[in-house]
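# Breakdown of the fold
The residues making up each chain are set out below.
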Amino acid sequence: MSTAIEAEHILEQVEQGAFGDDPRQQLNRAIRLADEAGADEVSYRARMLMTDIAHWVNDADAMLTSFAWCVAKHDSDPARFPIATGEDSPDLLFQHKWIAGLLAGNSRFPAARVDAVLDDMERRFLEAGLSRNGVLQARRDVALDLGDLDAAARYAQERDLTPRDDYSHCEACVRSTDAGFAALLGDEATAIRLWEDIHAQDLSCGEEPEYADSQILLALLRAGRADEAMAVHARSYRVARTNPDAISMVRFHFEFLAVTGNVERGIDLLERHLPGFVVDQISDQHHMTVLRSIAVLLDAAVDAGLGDRTLRGSRSENAARLFGAEPRDYTIAEFGEQAWAAAERLARALDARNRNDHYLGRIGAARALREERYDVPFSTAEAFAPAAPAHPEPVDAAGWVREARRFLSGSAPERARTAAERGLETAGRDEAPLLHAVRVWAALAEGDDERAAAAHRERVAALAAAGRTEHAEVESRLGLLLMGCAERSDADRIAEEIDRARTAGGDASVLADLLITHASLLVEHPGSGDADAELALAEAREAALVLPDEDPDLLWHSVLDTHLSTLTRAELFEEAAEIAAAAVADPRAEALELPLARRILTVSLASKARFAEAAEAAEALIADAVRTEDPQLIGNAAMLAAQIYDDLDRPREASARAAFGVRTLDRVGMAFPGHRHTLASLQLGAGQPQEALENFQLVLDELRESDDQETAVLAKVASGLGEAAKRCGEYGLAYRVWGWAARIAEGAELWGYAAAASLDLADLLHEVGDEDAPAAAEHAVELARRSGVPALVARGLQVAGWIASLGGDAQGLAALEEAIATAEAADLAERAADARISLGRALLALGRTDDGAAALRAASESAEAKGLAHFTVLALFYRASGLAASDRAGEALDAFRALADRLDADAEPELSEAVGRAIADLGA
């Protein structure tokens, strides 16, 4: 294949969207191949497309380079290199609208150069017989970029008097930029009106209305429309975050979250999008505005006491270029200071070029946001953030030993080594061996075998100096094998040392150390059969028995973990739980972290349905993990606690701990889709649909972008996403998601998933009054029957029967009766009770009041006999409501009063309130 043909093939694939959202790498390859072949027409098409794509991802360097090349080619031969190479292809004149603004955003381009570009653009538009409308919009935008607000107003006025054509900016963009201009002038009422126009007229384009939504947030707050602002934030962020240049819009959300007190959410979003903040040599204005918004958020984080936290993603080449420093990790406070400094430097440079103080004024306005606060929580979730325990600097060697071991437990070897070295400065001969052991473990964890060997030689010498001759001799013979470096091939050698130690009957701690080393080898590298597992368990038990009370190397912790590991591997969970319970109650546990023992105890209690005790144990596990400062331990402990609180039917506490767990794991790249799906499901159960919707969407996006696209998993996540969207009132999203889930599941013949999604879809269509609801319900029933799952069949029949009955079709009653029979045959008591209520309501809807009232009374009696209190009172409520709707006020009033006497207001607050209103209305 010639290079020209290959370039053409790549270009066609890019044009068809074969390379996703950012195909610049493939386009560069096509350009290189076309240039090598001298295929200028192909190269022209590729560069035209590169200009378009670079614009959408804010790659100014690529955009200017490709645009300049194409303009030169067009001017050299307009016929060969036309304004546009096809009907839907990139357009050189349209691209002109972007270039002047790009130059205006960089202080190194003089204003005269920017004006010249605009003049050239206007000349080309007029020569092509086009309206000046698009040119005037570009001039207005550039005037804003140059800080000339008076000129911007004049150009906007002239634009409005100039006819539009196909080269005008789209209506959505015009309204959005006008709204931004109005807000800049302090006329936020006009900004809001223009924003409302965008939605009233359903205007949209590539970045709208999400850009307009993002920039209107503060204006809505100041107008007293805080709840609406929060809803707009949630909706627009979900769209903006997927934009190739997301941070250009998300920056407004940083400011919004700062002033509304949602700092933790703001930091989560910043850490999510900071890697996408691309820095180039051109986009000074873009860099400045993003940095300004970041700084506003980080100021709020500092005020909230988070300044010392490390900002994930701050160690990057982009940040280094902005700050003029080497890449390093920054705390929130440090990054905020650097962001303000860089933003002010860029603002001064732009103002110097523009000969005004426009951008420094904007910096001042942004700094003033620190004093502007609104109490508008994003989430109704309970806050959960366990307090980090105080760790005062140790005053003696024993204290440094505990500190060093804590750092090792938290996978912080460098800090452990430093602590050990500090301890050695004052250590006596009894503490020195263990401190040298920490140095060995730290060096091994850091991959420095040579330093580990040197530290081990010092440990052996320290053991001898402490009079622990036997231990020194064993470690001298075995080298680093007792320090965690043993392989399976070393097992026999260690076994020989075990026999020698047993025969000698000397230092029992040496025997315990050898036993757990050998047992760990057998567990981690088992042979065939059960012999190794049985021997490992026997050795772990023996180590626990022989370990002396005098424990200079603090082996108790290691012996305990080995004992527990071998027990769980052998599936002796009850014995493991007993050992764990004893361990956490042991006085030695006060100075140590025991995450494995606490986790085993927590799981054991939960497995016995002792959930209240399990929750208490889980809280202790979280506290223990926090002491280690290991994010993975902390996050996993919080997720376990969340599941236990869910079992306790305490959804708000469950979602709070899951949110904390996912946030903690996310900061070290260990938050997997399963974690976030658990969080989203718990948030949905806790009545937090906005939060759930965002997390379900994140999970679905991640799964669809990965290689793991198992249809059942996708359908399950989509089910939750659809339910969250429906609860948020986003019916269009729910419709699309459930429809998609039903299609992919049906295509994969996963009838249960297909039926569930189809039933959700039918319910939704019925709720919004769509005429397709009955057909959708019938199809769902067919899928449910194919699944063979009684619960789905019963639900499907109930939905289909209810929809048919409300539509006046008496045949729906037969479906409801079949739903009741199906549920009862499968012992689905709650489904049967719900279907009985639907049958009674359907009879009422068909005008059969006496039959409906009787059916609902029977439904109540049936539910009461089965101990289903909620369904009992619900049936009575619908019976009384049906009588009232049939103008039988006296009977209805008696029914409501009887119901009020038996209602528990605490258990059924909403129902109690409705009954009270009905009695007041009927008794008036």
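Residues numbered from 1 in each chain as written. Predicted model: local features only at pLDDT ≥ 70, side-chain atom pairs only at ≥ 80, totals over all residues. Heavy atoms only, no water.

## What about the overall build of the chain?
Check the secondary structure of the chain and you find 46 helices and zero strands. Across its three principal axes, the chain shows a C-alpha extent of roughly 105 × 85 × 65 Å. Residues counted as buried form 51% of the 924 residues belonging to the chain. Within the structure as shown, the chain displays about 40800 Å² of accessible surface, and the carbon and sulfur contribution to it stands at 49%. Here the chain carries 93 positive and 160 negative side-chain charges, and the mean point of each set is 3 Å from the other. (Helix = DSSP H or I, 4+ residues; strand = E, 2+ residues; numbered from the N terminus. Buried < 20%, exposed > 50% of the residue type's maximum accessible area, 1.4 Å probe, protein only. Areas by Shrake-Rupley, 256 points an atom, 1.4 Å probe, with all protein chains shown as cover. Lys, Arg positive; Asp, Glu negative; His and termini not counted. Charge placed at Lys NZ, Arg CZ, Asp CG, Glu CD.)

## So, helix H5 (residues 92-104)
Given 3.6 residues to a turn, an α-helix orients residues that are three or four positions apart in the same direction. With 13 residues, H5 extends 19 Å from end C-alpha to end C-alpha; this agrees with the ideal 18 Å at 1.5 Å per step. Of all 13 residues in H5, 11 are buried, a share of seventy percent or more. Among all positions in H5, only Leu92, Leu93, Gln95, His96, Lys97, Trp98, Ile99, Ala100, Leu102, Leu103 and Ala104 are buried. In this structure, the buried residues of H5 make contact with helix H3 (40-56), helix H4 (60-76), helix H6 (111-127), helix H7 (133-145) and helix H18 (332-354). (Expected span 1.5 Å × (residues − 1). Contact = heavy atoms within 4.5 Å.)

## Some words on the packing of aromatic side chains
In the structure shown here, the tally under the stated rule is 10 aromatic pairs. Ring plane angle 85° and centroid distance 5.8 Å describe the contact between Tyr330 and Phe335, whose orientation is recorded as edge-to-face. The pair formed by Tyr330 and Phe335 is uniform in burial state, with each residue classed as buried. Here a set of aromatic residues connected by ring pairs shows up, and it is made of Phe323, Tyr330 and Phe335. Stacked on the ring of Trp69, the Lys or Arg Arg47 has its end atom at 4.1 Å from the ring centre. Between the NZ or CZ atom of Arg328 and the centre of the ring of Tyr330, over which it lies, the distance is 4.0 Å. (Phe/Tyr/Trp six-rings, centres within 6.5 Å; stacked < 30°, edge-to-face > 60°. Lys NZ or Arg CZ within 6 Å of the ring centre and 35° of its normal.)

## Brief notes about the packing of helix H14 (residues 247-259) against helix H15 (residues 263-273)
As a packed pair, H14 and H15 sit with axes 9 Å apart at the nearest point and diverge in direction by 160°. When the axis of H14 is compared with that of H15, the two are roughly antiparallel. In this structure, the crossing between H14 and H15 has a hand that is left-handed. The segment H14 lies against H15, with Ile247, Val250, Phe254 and Leu257 engaging Val263, Arg265, Gly266, Leu269, Leu270 and His273. For the contact of H14 with H15, a count of residues per class yields seven nonpolar, two polar and one charged. (Axes fitted to C-alpha atoms, helices over the stretch in contact; angles between N-to-C directions. Parallel < 35°, antiparallel > 145°, perpendicular 65-115°, else oblique. Left-handed = near helix turned anticlockwise from the far one by under 90°. Nonpolar A, V, L, I, M, F, W, Y, C, P; charged D, E, K, R; others polar.)

## Quick look at the pattern of salt bridges
Scanning the entire structure with this criterion turns up 88 salt bridges. The shortest N-O distance in the salt bridge between Arg108 and Asp284 comes to 3.7 Å. Here Arg108, found in the loop between H5 and H6, pairs with Asp284, found in helix H16 (residues 284-303); they are 176 residues apart in sequence, far enough to count as distant. Here Asp284 falls in the buried class, since its relative accessible area comes to 6%. Here Asp197 ties to Arg193 by a salt bridge, and the two come within 3.7 Å at their closest N and O atoms. Placement of the pair is Asp197 and Arg193 together in helix H10 (residues 188-200), with a separation of four residues, close to one helical turn. (Salt bridge = Lys/Arg side-chain N within 4 Å of Asp/Glu carboxyl O.)

## Description of the environment of Arg598
Position of Arg598 relative to the elements: it lies in helix H30 (residues 595-607). Taking the C-alpha atoms as reference points, Arg598 and Glu767, separated by 169 residues in sequence, lie 48 Å from one another. Those residues within four positions of Arg598 in sequence are excluded, and the remaining contacts are Val584, Ala620, Leu621 and Asp624.

## Points about the nonpolar core
Of all hydrophobic cores here, the largest spans 69 residues; its most connected members are Leu291, Ile294 and Phe335. When residues in this core are grouped by element, the largest group, 10 residues, is from H16. Listed in part, the 64 residues of the second largest apolar core include Leu482, Ala486, Leu592 and Ile644. (Core = buried A, V, L, I, M, F, W, Y, C linked by side-chain atoms within 4.5 Å.)

## Examining the packing of helix H38 (residues 751-767) against helix H40 (residues 790-806)
Relative orientation of the contacting elements H38 and H40 amounts to 20°, with a least axis distance of 10 Å. In terms of their interaxial angle, H38 and H40 are classed as roughly parallel. As for how H38 packs across H40, the hand of that crossing is left-handed. Seen from H38, the contacting residues are Gly752, Ala755, Ala756, Leu759, Asp760, Ala762, Asp763 and His766; seen from H40, they are Leu792, Arg795, Gly796, Val799, Trp802, Ile803 and Leu806.

## Brief notes about H10
A rise of 1.5 Å per residue sets the reference length of H10, with its 13 residues, at 18 Å; its end C-alpha atoms lie 18 Å apart and thus fit the reference within 8%. Just beyond H10, the residue with positive phi is Asp202, at close to 55°.

## Let's talk about the environment of Glu473
Tracing the backbone shows Glu473 in helix H24 (residues 469-478). Residue Glu473 is classed as partly exposed on the basis of its relative accessible area of 44%. Sequence separation of Glu473 and Ser409 is 64 residues, and the distance between their C-alpha atoms is 28 Å.

## Focus: the side chain of Ser283
With respect to the element layout, Ser283 can be found in the loop between H15 and H16. Residue Ser283 is classed as buried on the basis of its relative accessible area of 5%. Excluding its chain neighbours within four sequence positions, the residues that come into contact with Ser283 are Asn58, Ala60, Gly105 and Asn106.

## Let's talk about unusual backbone geometry
Where the residue is not glycine, phi is negative for most of them; where a peptide bond is considered, it is trans in most cases. Geometrically, the link from Glu208 to Pro209 is a cis peptide bond, its omega value of 10° lying close to zero. Counting through the fold element by element, Pro209 comes out in the loop between H10 and helix H11 (210-215). One non-glycine residue, Leu554, lies in positive phi territory at about 50°. The topology assignment puts Leu554 in the loop between helix H27 (531-546) and helix H28 (556-569). For Leu554, a relative accessible area of 29% puts it in the partly exposed group. Positive phi, close to 60°, is recorded for Asp649, a residue that is not glycine. Relative to the assigned elements, Asp649 resides in the loop between helix H32 (631-647) and helix H33 (651-666). For Asp649, a relative accessible area of 64% gives the class exposed.

## Concerning the state of the cysteines
Applying the stated criterion across every chain yields a total of zero disulfides. Here Cys170 is not disulfide-linked; the sulfur of Cys173 is the nearest cysteine sulfur, at 3.3 Å. (Disulfide = S-S within 2.5 Å.)

## What about the side chain of Gln690?
Following the sequence through the fold, Gln690 ends up in helix H35 (residues 689-705). Excluding residues within four positions of it along the chain, Gln690 makes contact with Ala234, Arg238 and Cys728.

## As for the environment of Glu431
Within the secondary structure layout, Glu431 lies in the loop between helix H21 (413-424) and helix H22 (432-445). Judged by relative accessible area, Glu431 falls into the partly exposed class, the value being 28%. In this structure, the C-alpha to C-alpha distance between Glu431 and Val401, residues 30 residues apart in sequence, is 7.7 Å. Among all residues touching Glu431, those that are not within four sequence positions of it are Ala397 and Ala398. Only 2.9 Å separates the side chain of Glu431 from the backbone nitrogen of Gly428, close enough to count as a polar contact. (Polar contact = N/O pair within 3.5 Å; in protein donor to acceptor, adjacent residues only side chain to side chain.)

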